[in-house]
Amino acid sequence: MSRRPLVAGNWKMHKTVADAVRLIEDLRKAALPANVEVAVCPPFTALADSARALAGSTIALGAQNMFWEAQGAFTGEISAPMLVAAGCRYVILGHSERRQFFAETDASVARKIRTAYAHDLVPILCVGERLKEREAGRTDHVISEQTEAATAELSGEQVRTLVVAYEPVWAIGTGRSATGEEANRVIGLIRRVLGGRTGDASAQTRILYGGSVTPDNAAEFFGQPEIDGGLIGGASLDASKFTAIVRAAR
Ligand code: PGA
């Protein structure tokens, strides 16, 4: 079963509108391999201008979060229809920084995932264990539970299009990445958990690795059979680094 690799840039709380448009222009000038799907996830304020800057290119647009209601009195929140109208195809949900600093739970992530599908957005579901959990030998338990909780109500068809990013929390922004082999093992586990309920569908789910991916270590991850690309934070803020990572996924 061949899965088209996806490399997505998670810009986090970086880039003004002008910075975002400049980075997109630089990415558009680079020769990106046709067999790798590329997405960028700018902050909300830059989405609409980013969509315009991306017009006519094959690079997809994603957001970094959203709320589960379509509209209403929810000061400070952004809805799925707003993201769709701004030109998004993807939305990152359940990123560990959201779980850690903004009290996201498995239950809220599950709700957001259902909303994303209801509005034809493709979720990039993030799961990952903390250092303490890894050291206590609880990695597999934590990953299974997060995956199961977020996807329990999805149909096989939805699981087929879902993107999951395995991001060990201790590897995010720390310069300390997992090994390719261990990331591959955990991603295989995620695929089995998804397959437990939906069978064949999970063979088509794209599961990415994220956490301190750089041009130097990208090939180690992308060469693994279970790893279908990457969710890139720090290195996605620089056009030449991000481009080099995309090429490694070819
Ligand atoms: P990093 O971030 O590449 O800077 O470690 C990855 C992420 O949080 O998605």
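Residues numbered from 1 in each chain as written. Predicted model: local features only at pLDDT ≥ 70, side-chain atom pairs only at ≥ 80, totals over all residues. Heavy atoms only, no water.

Quick word on the layout of surface pockets
Estimates place the volume of the largest pocket at around 490 Å³. Met13, Gln64, Asn65, Arg98 and Phe102 are the residues nearest the centre of the largest pocket, which is lined by 19 residues in total. A per-element tally of the lining of the largest pocket places helix 4 (residues 96-101) first, with 3 residues. Among the residues forming the lining of the largest pocket, the class breakdown is 9 nonpolar, 6 polar and 4 charged. (1 Å grid on protein atoms, 1.4 Å probe; cavity = no way out; pocket = protein on both sides within 12 Å on 5 of 7 lines; lining within 4 Å. Points joined across faces, edges and corners; volume = space filled by probe spheres on them. Helix = DSSP H or I, 4+ residues; strand = E, 2+ residues; numbered from the N terminus. Nonpolar A, V, L, I, M, F, W, Y, C, P; charged D, E, K, R; others polar.)

Digging into the state of the cysteines
Simply put, disulfide is the name for a covalent bond between the sulfur atoms of two cysteines. Enumeration according to the criterion identifies 0 disulfides in this entry. In this model Cys88 remains outside any disulfide bridge; the closest cysteine sulfur is found in Cys41, 7.9 Å from its own. In this structure Cys126 is a free cysteine whose sulfur lies 9.3 Å from that of Cys41, the closest cysteine sulfur available. For Cys126, a relative accessible area of 2% translates into the label buried. (Disulfide = S-S within 2.5 Å. Buried < 20%, exposed > 50% of the residue type's maximum accessible area, 1.4 Å probe, protein only.)

Some thoughts on the packing of aromatic side chains
For any pair of aromatic rings, geometry is given as the distance between the ring centres together with the angle between the planes. All chains considered together, the criterion is met by 4 aromatic pairs. Cluster of aromatic residues (ring-pair linked, three or more members): Phe67, Trp68 and Phe74. The ring of Tyr90 is capped by Arg89, whose NZ or CZ atom sits 5.3 Å from the centre of that ring. Sitting over the face of the ring of Phe102, Arg98 holds its NZ or CZ atom 4.2 Å from the ring centroid. (Phe/Tyr/Trp six-rings, centres within 6.5 Å; stacked < 30°, edge-to-face > 60°. Lys NZ or Arg CZ within 6 Å of the ring centre and 35° of its normal.)

Concerning the packing of helix 1 (residues 17-29) against helix 11 (residues 239-248)
A pair of packed helices can be characterised by two numbers: the angle between their axes and the separation between those axes. As a packed pair, helix 1 and helix 11 sit with axes 10 Å apart at the nearest point and diverge in direction by 45°. One finds that helix 1 runs oblique with respect to helix 11. Once helix 1 is placed against helix 11, the crossing between them reads as right-handed. Every residue of helix 11 that contacts helix 1 at Leu23, Asp26 and Leu27 is listed here: Ala239, Phe242 and Thr243. (Axes fitted to C-alpha atoms, helices over the stretch in contact; angles between N-to-C directions. Parallel < 35°, antiparallel > 145°, perpendicular 65-115°, else oblique. Left-handed = near helix turned anticlockwise from the far one by under 90°. Contact = heavy atoms within 4.5 Å.)

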